[in-house]
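Tertiary structure, described
Take a look at the letters that make up each chain.
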Amino acid sequence: MPHKIRKFAFPGIALTASLSYSAVFAIGLIIGYIGANIFCKKLINTGKIKRVVLDYGNYNIYFHHWIIGLFILLFGFVSQIIYTTPIFWIGCVGGLIFHDIYTDKKWYQFVYKK
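Residues numbered from 1 in each chain as written. Predicted model: local features only at pLDDT ≥ 70, side-chain atom pairs only at ≥ 80, totals over all residues. Heavy atoms only, no water.

1. Quick look at the packing of aromatic side chains
Applying the stated rule across the entire model yields four aromatic pairs. Look at phenylalanine 63 and phenylalanine 71: their rings are 6.5 Å apart centre to centre, the planes differ by 50°, and that puts the pair in the tilted class. Owing to a relative accessible area of 24%, phenylalanine 63 belongs among the partly exposed residues under this scheme. On the basis of relative accessibility, which here comes to 48%, the residue phenylalanine 71 falls in the partly exposed class. Consider the rings of phenylalanine 88 and tryptophan 89, whose centres lie 5.0 Å apart with planes at 75°: the pair is edge-to-face. Linked through ring pairs, Tyr33, Phe98 and Tyr102 together constitute an aromatic cluster. (Phe/Tyr/Trp six-rings, centres within 6.5 Å; stacked < 30°, edge-to-face > 60°. Buried < 20%, exposed > 50% of the residue type's maximum accessible area, 1.4 Å probe, protein only.)

Structure (structure tokens):
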């Protein structure tokens, strides 16, 4: 599939699927994605906030925001807070996760050698 079609098709399919689930969830996804985009452009890319990196011996472990979002969801499931959380906020965390996976070419690489 050509790159331009993928850039349009995947978000469209994800948004359509989430709209069929819940409009509130889809709005949360959109707001989470836009919020993460603004946060990255204004604060992280300009150097005002440093990235979360854990120094472990000869390696650096970089916490992408999809990992942080996944931890938030896992914590919610384990503590059962997620069952009382409005679906809008779960959509916002989903937008945060989707932003990093969709925009970062090396989203899968989080352990780097020094």
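2. As for the sheet that holds strand 3 (residues 111–113)
The strand order 1-2-3 describes an open sheet built from three strands, whose pairing is antiparallel. Two strands bound the open sheet, and with one partner strand each, they are strand 1 (53–56) and strand 3. Along the sheet, successive strands turn relative to each other by an average axial angle of 25°, direction set aside. Pairing of strand 2 (residues 59–62) with strand 3, which is carried by three bridges, proceeds in the antiparallel orientation. Bridge pairing in strand 3 links tyrosine 59 to lysine 113. (Pairing = 2+ DSSP bridges. Helix = DSSP H or I, 4+ residues; strand = E, 2+ residues; numbered from the N terminus. Axes fitted to C-alpha atoms, helices over the stretch in contact; angles between N-to-C directions.)

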